[in-house]
Amino acid sequence: MNMLKKDNKGFTLVEIIVVLVILAILAAAMIPTMLGYVTEARGKAYADEARVVYNAAQTLATEMAALGHSNDDIEACLNDAADGTMDSSYTDETLKTMGSRYHTLVGADINAQIDADDTAGKGYQIEMHDTIAGSLSKVIYIRGDYKVTIIAGGTTTVEKIEA
C-alpha cells in the first residue's frame, strides 16, 4: 500500500505554465502604459530645460538692454553664444562677457543654435520682442525628438517631432 502512495509536494508543470501565461498577459497590458509615462516625463523634463534657457536669456537680455544694447544686438549675441562663435565676431567686450556668462549659465551640452524649422538634434533659437527693450518674445528649444516653444507671457508648448 505504501508503494502506491505518491508524494504530492510542489507544483505541476501545467500549473507553472498557467501562472507564466497570466504574468505575460499582465506584462503585455502594462508595458505600453509605462512607456507612455516615460515619454510624458521626458517631454516635461525638456520643457524644464527650455525654461532654464528662457530664464537665463531673459536675465541677460535685461542686463544688456540696461547697458544700452539694442534688441537686435542682444538677439544676435545670445544666438551666437549658443554656437560658441561670439568670441571671434564681437568687438564689444560687454557683449562678449554677457554672451560667455549666458553660455556658462545654460550649459555647454545644450548650446547649439538651431533654425526654427529644424526637426532633430538639440539646440535653441531666441527671438527678441520687437518693441520692448530687453524682452524676449520666444524661445524654441529642441532636444531629441521634442520641440518646446516658450512664448513671452508663460505659454509653453511641447510637441513630439515625428521623424
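Q: What exactly am I supposed to notice about the packing of aromatic side chains here?
A: We describe a pair of aromatic rings using the distance from one ring centre to the other and the angle between the two ring planes. Applying the stated criterion across every chain yields a total of one aromatic pair. Between Tyr46 and Tyr146, the ring centres sit 5.6 Å apart and the planes meet at 65 degrees, which makes this aromatic pair edge-to-face. Of the two residues, Tyr46 sits in helix H1 (residues 13-66) while Tyr146 sits in strand S3 (residues 146-151), which places them 100 residues apart along the sequence. Take Tyr46 and Tyr146: they sit in the same class, and that class is buried.

Q: Even after reading the chapter, I still don't get the nonpolar core, so can you show me in this structure?
A: As a rule of thumb, soluble globular proteins bury nonpolar side chains together. Residues Ile74, Leu78, Ile126, Leu136, Tyr141 and Val148 are the most contacted members of the largest nonpolar core, which totals 21 residues. Contributions of two or more residues to this core are made by H1, helix H2 (71-83), strand S1 (121-128), strand S2 (136-144) and S3. Per-element tally for this core: the top contributor is H1, with nine residues.

Q: In this structure, what is going on with a nonpolar patch on the surface? I would like to understand it.
A: Together, Phe11, Val14, Ile16, Val18, Val19, Leu20, Ile22, Leu23 and Leu26 line one region of the surface with nonpolar side chains, adding up to about 900 Å² of accessible area. Structurally, Ile16 is set in helix H1.

Q: Any chance you could explain the side chain of Ser137 here in plain terms?
A: By the secondary structure assignment, Ser137 is in strand S2. One polar contact links the side chain of Ser137 to the main-chain carbonyl oxygen of Met128, over a distance of 3.4 Å. Every residue in contact with Ser137, bar those within four places of it in the chain, is listed here: Glu127, Met128, His129, Ile150, Ile151 and Ala152.

So, how was this worked out
Residues numbered from 1 in each chain as written. Predicted model: local features only at pLDDT ≥ 70, side-chain atom pairs only at ≥ 80, totals over all residues. Heavy atoms only, no water. Phe/Tyr/Trp six-rings, centres within 6.5 Å; stacked < 30°, edge-to-face > 60°. Helix = DSSP H or I, 4+ residues; strand = E, 2+ residues; numbered from the N terminus. Buried < 20%, exposed > 50% of the residue type's maximum accessible area, 1.4 Å probe, protein only. Core = buried A, V, L, I, M, F, W, Y, C linked by side-chain atoms within 4.5 Å. Patch = residues over 30% accessible without salt bridge, like charges linked within 9 Å, V, L, I, M, F, W, Y side chains within 5 Å. Areas by Shrake-Rupley, 256 points an atom, 1.4 Å probe, with all protein chains shown as cover. Salt bridge = Lys/Arg side-chain N within 4 Å of Asp/Glu carboxyl O. Polar contact = N/O pair within 3.5 Å; in protein donor to acceptor, adjacent residues only side chain to side chain. Contact = heavy atoms within 4.5 Å.

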